[in-house]
Amino acid sequence: MGDFIYREGRLHCEEVPLERIAEEVGTPFYCYSHAGLVRRWRAFSEAFASVDHLICYAMKANSNLAILKLFINMGGGVDIVSGGELHRALLAGADPSRIVFAGVGKSRGEIAEALRAGILMFNVESLQEIEVVNNVAGELGRTAPVALRVNPDVDPATHPYIATGLRESKFGIAFAEALEAFRRAKEMDHLEVVGIHSHIGSQITQESPFVDALERLVVLVEKLRAEGLAIRYLNLGGGLGITYKDESPPEPRQLAEALLPAMEDLGVTFIFEPGRTIVGNAGALVSRVLYTKAQPEKAFLVVDAAMNDLARPSLYDAYQAIWPVAEPDADAPRVPVDVVGPVCESGDFLAKDRPLPPLGPGDLVAVMSAGAYGFTMASNYNSRPRAAEILVVGSDYHVIRQRERYEDLVRGETVPDFLR
Ligand code: LLP
């Protein structure tokens, strides 16, 4: 997490002390390192430089307009999963011919919006959806470019909620049914089948599931070609994991070494949809301690960020490292505490039984590895305004999303006349 380091006893993001941002912007806030984002993007892109490829950043991980624009400026495309994400991507200036649209439940309206925008392709997930896309394209007098999302049925060995490539998952078309689905799609009047899409899961920390999936997909590409179906794009999805605690996932370069031998002579453009590996460790959620509390069985640190700001610990029991912003003495005693937020739920925690040095009201803590699936999964539960987002660039920082205000909480709500 080299973008967040202690200098002179204070945690900095690049050159900026987090304390300074906390004083000027308030807490909680998400803080992202520009250098960290750029470095990780480059590492991914350079790893696959020897093959024709397009990186479509999975914006569900972090969809702030400034972050999108940063990757767009670096030549990236975008992987979207909703009309709302399409809106954001276009607003950030994404080239529609670099947008791919996945998701099991695209509505007719969303399909029409994406067709009108002229996206690169739909990653279609079922036979019914193939028909709907064909239908909507026909109504609009267009041809829809599609890839079929195939489920290669490999075990990504990750948390069950984020494994998506297994036979029993709701995503994609079963491998055994894929050929037939491609044949059906080929017959449709308003579709052009251009590729195969796959995404086997998220937070994957080994190369082997990717290698296994690619092997199966290469066989499929060849079978389809033998039937006269020219596959031009092979989308290997996202899913590369990061270090939250003690995981040691492959670097993009190592993943590439494992995959490139099977990629090099296939004669397709590869698409990748990385999210977490690009943004996860480039971001932290900074929060202030409100109270400490010792119950007979347990010690608590009550902080001003909560499950509505960062849902991963409550939702997946996920581990997020917690670093005090003031560097603790190496020999300070570490005592296990639950780090909890103000939300009225027992499930509202950011860490459980976490050994931390003594901290008290007013101290700042950084919840690390929060750049991916942090702000994008935030809610207004308990009518809590969502946190500010900050982008640090060297010794400067920019507020890339202001903290929500109370008026934002009630926007769009009305009390009907009969209640007045
Ligand atoms: N492409 C598709 C089709 C996806 O469904 C996903 C993530 C990605 C790409 C990006 O995957 P990544 O590179 O970030 O692993 N909220 C969960 C993660 C859900 C991932 C959903 N799909 C979490 O906080 O761990």
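Residues numbered from 1 in each chain as written. Predicted model: local features only at pLDDT ≥ 70, side-chain atom pairs only at ≥ 80, totals over all residues. Heavy atoms only, no water.

Asks: Could you give an account of the nonpolar core, naming the residues involved and the relevant values?
Replies: Proteins that are soluble and globular tend to have nonpolar side chains buried together. The biggest cluster of nonpolar side chains holds 101 residues, and the ones touching the most others in it are Phe48, Phe122, Phe182, Ile196, Leu234 and Met263. For this core, the leading source of residues is helix α8 (residues 208-226), giving eight residues. A domain-level breakdown of this core finds at least three residues from each of domain 1 (4-32 + 280-409) and domain 2 (35-277). Those residues in contact with Met263, other than ones at most four positions away along the chain, are Phe48, Val51, Leu214, Leu236, Phe270 and Phe272. Of all hydrophobic cores here, the second largest spans 20 residues; its members include Leu11, Ala321, Ile390 and Tyr397. (Core = buried A, V, L, I, M, F, W, Y, C linked by side-chain atoms within 4.5 Å. Buried < 20%, exposed > 50% of the residue type's maximum accessible area, 1.4 Å probe, protein only. Helix = DSSP H or I, 4+ residues; strand = E, 2+ residues; numbered from the N terminus. Domains from an automatic or database assignment. Contact = heavy atoms within 4.5 Å.)

Asks: If you had to explain the pattern of salt bridges to someone new, which residues and values would you point to?
Replies: Considering all chains together, one arrives at 22 salt bridges under this definition. The shortest N-O distance in the salt bridge between Glu19 and Arg10 comes to 2.8 Å. For Arg10, a relative accessible area of 34% puts it in the partly exposed group. Several salt bridges share partner residues, and in doing so they unite Asp3, Arg39 and Arg40 into one network. (Salt bridge = Lys/Arg side-chain N within 4 Å of Asp/Glu carboxyl O.)

Asks: Can you explain the environment of Glu129? Please cite residues and give values.
Replies: Turning to its location among the elements, Glu129 is positioned in helix α6 (residues 127-139). Spatially, the C-alpha atom of Glu129 lies 50 Å from that of Leu290, the residues being 161 residues apart in sequence. Filtering out sequence-adjacent residues up to four positions away, Glu129 remains in contact with Gly103, Lys106, Asn123 and Val124. At 2.6 Å, the side chain of Glu129 forms a polar contact with the side chain of Lys106. (Polar contact = N/O pair within 3.5 Å; in protein donor to acceptor, adjacent residues only side chain to side chain.)

Asks: Please provide a residue-by-residue account of the domain arrangement of the protein, values included.
Replies: Its domain assignment divides the protein into domain 1 (4-32 + 280-409) and domain 2 (35-277). The distance between the C-alpha centroids of domain 1 and domain 2 comes to 32 Å. Taken residue by residue, the interface counts 21 residues in domain 1 and 19 residues in domain 2. Approximately 1800 Å² of surface area, both sides summed, lies buried where domain 1 meets domain 2, with 56% of it carried by carbon and sulfur atoms. Of all residues in domain 1, Tyr316, Tyr319 and Tyr373 give up the largest surface area on contact with domain 2, accounting jointly for 30% of the area buried on that side. The tally of links from domain 1 across to domain 2 stands at 10 residue pairs in polar contact (both at pLDDT 80 or more). When residues of the side of domain 1 that touches domain 2 are traced back to their parent elements, those giving at least two are α11 (312-316), β20 (388-393) and β21 (396-401). For the side of domain 1 that touches domain 2, the per-class residue count stands at 10 nonpolar, seven polar and four charged. (Buried area = accessible area lost by both parts, 1.4 Å probe. Nonpolar A, V, L, I, M, F, W, Y, C, P; charged D, E, K, R; others polar.)

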